[in-house]
Amino acid sequence: PARRILLLGEGNFSFAAALCEGAAAARFVATCYESEEEVSGRPLAARNIRRLRQRGAEVLFSVDCTKLKDYFLPSDGVFSCVYFNFPHCGRKAGVVKNRELLAQFFASCAEVLAEKGEVHVALCSGQGGTPADRPRREWHNSWQIVAVAAGARFILSDVHPFNAASIHGYKCTGYRSQDKSFSVEGALNHVFTRSTPLLHLKPMACQMELGSIRISFQVPQMLVDKINRGFLELNSEHPVRTVKEKLTAVLSQTFPIQSIDCSLSLLHQGHIGGVCPANVFWIIPKPEQDASTEQMANGLANAVLFSHIDFCKDADENGCMKVKEGNLISEQYFLRPSLLLCVQTLIERATFLPETLHVLCGPVFRKCPISPHSLPVFHEVVFVAAIDKGMESSFMQMLVDTIRNGIYLLHQAVSGCKLNVTFQEATSFERTELNGFATSESHITKIQHSVYVETDALGSCEKGWCVGSVGTACGGGKSSGLVVVFASLNLDLLAMLICGIADWRMLWTSDERFLSQFLGGELRLFKSFSLYPPSYVHDVSFWVPEREQFDEVAFHTIARQVSRETVVSIQLIDSFQHSETARKSLCYRLTYQSCDKSLSCQEAAEMQLLFRKEIQRCLHVILR
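Residues numbered from 1 in each chain as written. Predicted model: local features only at pLDDT ≥ 70, side-chain atom pairs only at ≥ 80, totals over all residues. Heavy atoms only, no water.

With an unreviewed UniProt entry as reference, the protein is termed phenylalanine--tRNA ligase, source organism Crypturellus soui. Its UniProt record, at the heading Catalytic activity (unreviewed entry), says of the protein: "tRNA(Phe) + L-phenylalanine + ATP = L-phenylalanyl-tRNA(Phe) + AMP + diphosphate + H(+)". Check the Subcellular location (unreviewed entry) section of the UniProt entry for the protein; it says "Mitochondrion matrix". (UniProt positions renumbered as here; feature names shortened; annotations may be inferred.)

Given below as structure tokens:
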């Protein structure tokens, strides 16, 4: 009853009259661009105007859809819904002029629409330029409605056929600015909603205690909005926590389970085993001598912000560090790349029980190339048990079977799509990249099998998505007759595969429309609230510095930060080496696309300019 609905560009008011009769409790304002004298001379329009006024609707004339705030005062209230059917500049206006009309309309609409309001725009077949159009026009020959709307902070949240036959009394009119009908076969209604704004992250400095040392450090800029999100807290309804809880419940039917309070530090110092140093977020801290005990309490969980801290010049805001031969890497600090680093600390606790499956979970951090399922931060769960020597193979097989069954059960409860879980012998790359997590040379984890999941719901790699690993760890605690068996799983990837979430960035969105789909801690198939987001392609080419190896991971990391995670792919499209100077030139193609927010063409262009400056500053490349 409180809904206030605005209809724009009504030709003969037949749509407004039909809508008003179907939703009599709402308050309608029906408008047209023409004057009252022009419209009243048409019999059908005159009848519909009388019908509207008899039902209490307001009818306005000579209303320009690009200047709505001139007609509606703030005191009148905002509109819950705005309808604009088949907008057109008139006569033989081309696609460019009609894009301009839509751009001005959306900008104007943003000034009179409620925060959670909707904008409905009906377009003829092919005009919108989205994959929903059948047939679909070439992009340059369409109205590019989603990209145009993004300039006013709108996202496409729904699209469905405009079924004119189901609208009682509706008759389209306005062909080439005349009182003539036109074909609406294949027409689509596009429903837009407001987007949350792109984040402008401020630098964050944190303080925590590592052993007996108090450490102050700057959070890598690309992780600022991902620290302390609380996805795994008791009151969280995030699907990542739900997957962890339900999978643990399945395992508890086979094994004694003990959950570990994850009070272990996010910050580590020393040996990192086989992990490539370039893939670690390095922290160069400054010891703090005068911080109070209260400030240090609970470490990073209760981060203390500082206005300014002096940092070592060897580390930048991305946690990138030039690792040269001879550097004392073991003396540096880093954000934990895996909870496997904590296994030895766990098994040395007095509370660690043999033949009990201990559950440890928390966020971990790794720099990685950009892709929809390569996550620079994710939530890892590690299941650890100490088993009598000689029994580890049978125990590991039982653990593998139970995990496979648990993933099947979770998936079947959510989706009917095919899912396949396999445990394959780890490849040489996986062994090199993931083995050797340790806190000392005598306690090293050994990954033996990788966990792969394939599903029809999402695009898969050749073997599926690698979501974890299974293996053993040296050092079985107090008893030398024990062997430690572990399973490590990526909860974020599992949540994506089970709930049909195509992009890892959606897990970290601040838009309430994501979590509202998982109320009560239930796993459901995710329905995107941002359909067909526009993408923008930009190329960059440069000369690589002589006598320096190009750091591609750092290149991707800079792109993540500068674009605020809106770069969805980076491709090397050309490589050239000068025949005389032997200098090497690289050309990369960056695709900008946001999965949950509006992203305009201008914003992407500005990000690309900043990216060019940053790679020149940080990687010392020479732009071409």
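Back to the write-up after that little detour.
A separate point is the overall build of the protein. Counting secondary structure elements, the protein contains 14 helices and 25 strands. Taken over 624 residues, the protein has a buried fraction of 53%. Long-range pairs, those at least 24 residues apart, make up 73% of the contacts in the protein between residues at least 6 apart in sequence. Within the structure as shown, the protein displays about 28,700 Å² of accessible surface, and the carbon and sulfur contribution to it stands at 50%. (Helix = DSSP H or I, 4+ residues; strand = E, 2+ residues; numbered from the N terminus. Buried < 20%, exposed > 50% of the residue type's maximum accessible area, 1.4 Å probe, protein only. Contact = heavy atoms within 4.5 Å. Areas by Shrake-Rupley, 256 points an atom, 1.4 Å probe, with all protein chains shown as cover.)

The next subject is the sheet that holds strand S11 (residues 267-269). Here 3 strands make up an open sheet; going across it, the order is S11-S14-S12 and the pairing antiparallel. Each having just a single partner strand, S11 and strand S12 (282-283) make up the two edges of the open sheet. (Pairing = 2+ DSSP bridges.)

On to helix H9 (residues 392-414). If you check H9, its first and last C-alpha atoms are 33 Å apart, about what 23 residues at 1.5 Å a residue would give, namely 33 Å. For H9, the set of buried residues is Phe-395, Met-396, Leu-399, Val-400, Thr-402, Ile-403, Gly-406, Ile-407, Leu-410, His-411 and Val-414. (Expected span 1.5 Å × (residues − 1).)

Moving on, we come to the sheet that holds strand S23 (residues 567-577). Ordered by their spatial adjacency, 4 strands build an open sheet running S23-S24-S22-S25, and the pairing between neighbours is antiparallel. The sheet terminates laterally at S23 and strand S25 (622-623), the two strands that pair on one side only. For strand S22 (residues 536-543) and S25, the ladder comprises 2 bridges, and the chain directions are antiparallel. Each bridged residue has a counterpart across the sheet, and for Trp-543 the counterpart in S25 is Ile-622. Each of S22, S23 and strand S24 (584-592) is contacted by helix H13 (residues 552-563), which is oriented at about 140° to S23, the strand it contacts most. (Axes fitted to C-alpha atoms, helices over the stretch in contact; angles between N-to-C directions.)

Glancing now at the packing of aromatic side chains. Tallied over the full model, the rule gives 26 aromatic pairs. Above the plane of the ring of Phe-281 lies Lys-367, whose end atom (NZ or CZ) is 5.8 Å from the centre. In this structure, Arg-583 packs its charged tip against the face of Trp-543, placed 4.6 Å from the ring centre. (Phe/Tyr/Trp six-rings, centres within 6.5 Å; stacked < 30°, edge-to-face > 60°. Lys NZ or Arg CZ within 6 Å of the ring centre and 35° of its normal.)

Take the pattern of salt bridges next. This model, assessed by the stated rule, comprises 17 salt bridges. The residue Lys-597 makes a salt bridge to Asp-596 at a minimum N-O spacing of 3.0 Å. The burial state of Lys-597 is the same as that of Asp-596; both residues are buried. In this structure, a network of salt bridges that share partners links the residues Asp-225, Lys-226, Arg-560 and Glu-565. (Salt bridge = Lys/Arg side-chain N within 4 Å of Asp/Glu carboxyl O.)

Our focus in this paragraph is the side chain of Asp-503. Structurally, the position occupied by Asp-503 is in the loop between helix H11 (491-499) and helix H12 (512-515). When neighbours within four sequence positions are excluded, Asp-503 is seen to be in contact with Pro-372, Met-496, Val-568 and Cys-595.

A separate point is the environment of Gly-56. Looking at the secondary structure, you find Gly-56 in the loop between helix H3 (43-54) and strand S3 (58-60). Residues Gly-56 and Ala-25 lie 31 residues apart in sequence; the distance between their C-alpha atoms is 10.0 Å.

With that settled, the discussion passes to H13. Taking 1.5 Å per residue as the helical rise, H13 with its 12 residues ought to reach 16 Å, and the 16 Å between its terminal C-alpha atoms agrees with that figure. The buried count for H13 comes to 11 of 12 residues, which makes it a mostly enclosed element. Every buried residue of H13 is listed here: Val-553, Ala-554, Phe-555, His-556, Thr-557, Ile-558, Ala-559, Arg-560, Gln-561, Val-562 and Ser-563. In this fold, the buried residues of H13 make contact with S22, S23, S24 and helix H14 (601-619). Here H13 starts with a cap whose side-chain oxygen sits 3.2 Å from the backbone nitrogen of Val-553, and that cap is Asp-551. (Polar contact = N/O pair within 3.5 Å; in protein donor to acceptor, adjacent residues only side chain to side chain.)

With that settled, the discussion passes to the packing of helix H1 (residues 14-22) against H3. Orientation of H1 relative to H3, taken along the N-to-C sense of each, is 30°, at an axis distance of 9 Å. In terms of axis orientation, H1 runs roughly parallel to H3. Where H1 crosses over H3, the two elements pack in a sense that is left-handed. On the side of H1, the interface is formed by Ser-14, Ala-16, Ala-17, Ala-18, Cys-20 and Glu-21, while H3 contributes Asn-48, Arg-51 and Leu-52. For the contact of H1 with H3, a count of residues per class yields 5 nonpolar, 2 polar and 2 charged. (Parallel < 35°, antiparallel > 145°, perpendicular 65-115°, else oblique. Left-handed = near helix turned anticlockwise from the far one by under 90°. Nonpolar A, V, L, I, M, F, W, Y, C, P; charged D, E, K, R; others polar.)

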